[in-house]
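Topology and contacts: notes
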Amino acid sequence: MALRPVHVNIKALDPPAVGGFWAGALGWSAYQPGVTTYVGPAGGLVWPDPVVLGVDVVPVPTAKGTAKNRVHLDLATTSAAHRAELLARVAALGATPVDVGQGDVPWTVLADPEGNEFCVLEPREVYRDTGPIAAVVVDCEDPVAMARFWGEATDWAVRGVTDEQAVLRSGEGVGPYLEFVRTPDGKTVPDRVHLDLLPGPGDDRATEAARLRALGATDLDLGQGDVPWTCLTDPEGHEFCVLAAH
């Protein structure tokens, strides 16, 4: 039994606009299979994608507040020229600089048109083969505990754990990393960005949700009603959803 992260879920007032931004930023395409806007590689909608972690932008009636998201994307660059081109591209798409107290760092912190923070990284060898998304970064209080939970919850392998950071990646060593970084600020508002997980072949949503509860997950009621997914939180309160088996 294992769950595979299949996309990053972003809440938005205007999903087509936010989806269009992320399609342009990632060099992918935006698809509208229903009420959401899904962003994935060009060439036609493939879901679940066997390698990449897509972006699914879903409609909500409320705007993002001033609190920093506890989950954000780091975008990879392969050279100084590529980084300069990407920064110019996202600025033209509507990205704005953001100060989250990062100080003098070699990466650039920005926000999408609805205020969701993300980083454009300087070239790093570790992210050379990830594709446009280098990592999904999650603020947390205890990276060791997060590695324990998410390593058992998903089919991604734990690649390294310290008191300051835990790193996971798919067992095949493809696509982005999932990184839990120790931060001093705890959760104060519902997550605007979260992961959606998909059961593997032969597994089902109810069984997987029960397994996650045994690992320390908690049911989450967002007023979602009768939907074909299960909303949960991890032991630190990060929201995520288990989708129906594909």
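Residues numbered from 1 in each chain as written. Predicted model: local features only at pLDDT ≥ 70, side-chain atom pairs only at ≥ 80, totals over all residues. Heavy atoms only, no water.

Before going further, it helps to examine the overall build of the protein chain. Looking only at helices and strands, the protein chain has 4 helices and 16 strands in total. Over its C-alpha trace the protein chain gives a radius of gyration of 17 Å, about what one expects of a compact globule, namely 18 Å for 246 residues. Principal-axis analysis of the C-alpha atoms gives the protein chain an extent of 45 × 40 × 35 Å. Going through the 246 residues of the protein chain one by one, you find that 49% of them count as buried. Put simply, of all contacts in the protein chain between residues at least 6 apart along the chain, 62% involve residues at least 24 apart. Summing over all exposed atoms, the protein chain offers an accessible surface of approximately 10,800 Å²; the carbon and sulfur share of this is 57%. Within the protein chain, one finds 18 positive and 34 negative side-chain charges whose respective centroids are separated by 1 Å. (Helix = DSSP H or I, 4+ residues; strand = E, 2+ residues; numbered from the N terminus. Rg over C-alpha atoms; globule rule 2.2 N^0.38 Å. Buried < 20%, exposed > 50% of the residue type's maximum accessible area, 1.4 Å probe, protein only. Contact = heavy atoms within 4.5 Å. Areas by Shrake-Rupley, 256 points an atom, 1.4 Å probe, with all protein chains shown as cover. Lys, Arg positive; Asp, Glu negative; His and termini not counted. Charge placed at Lys NZ, Arg CZ, Asp CG, Glu CD.)

So, about the pattern of salt bridges. Tallied over the full model, the rule gives 9 salt bridges. The salt bridge partner of R89 is E85, with a shortest N-O separation of 2.8 Å. A residue pair is termed a helical-turn pair when its members lie 3 or 4 positions apart in one helix, as R89 and E85 do in helix α2 (residues 80-93) at 4 residues. E85 gets classed as partly exposed once you look at its relative accessible area, which sits at 37%. The partner of E164 in a salt bridge is R182, with the nearest N and O atoms 3.7 Å apart. With a gap of 18 residues between them, E164 in the loop between β10 (156-161) and β11 (165-170) and R182 in strand β12 (residues 177-182) connect regions that are remote in the sequence. (Salt bridge = Lys/Arg side-chain N within 4 Å of Asp/Glu carboxyl O.)

This part takes up the nonpolar core. One finds W22, F118, W150, L178, F180, L212 and F240 to be the most contacted residues of the largest nonpolar core, which totals 48 residues. The greatest single-element share of this core, amounting to 6 residues, is contributed by helix α1 (residues 15-26). Listed in part, the 10 residues of the second largest apolar core include A134, A135, V137 and V167. (Core = buried A, V, L, I, M, F, W, Y, C linked by side-chain atoms within 4.5 Å.)

With that out of the way, let us pick up the environment of F240. Position of F240 relative to the elements: it lies in strand β16 (residues 239-243). F240 sits in the buried class, given a relative accessible area of 1%. As for F240 and E164, which are separated by 76 residues in sequence, their C-alpha atoms are 22 Å apart. With residues near it in sequence (within four places) discarded, F240 still touches F149, W150, H194, L195, L197, L212, A217, T230, C231, L232, T233 and D234.

The sheet contact formed by strand β9 (residues 133-140) and β12 spans 6 bridges and is parallel. Looking at the pairing, V136 lines up with L178 of β12. In terms of strand pairing, β11 meets β12 through 5 bridges, oriented antiparallel. Across the sheet, residue A166 finds its bridge partner in β12, namely F180. Counted between consecutive antiparallel strands, the loop separating β11 from β12 contains 6 residues, among which G173 sits at a positive phi close to 70°. (Pairing = 2+ DSSP bridges.)

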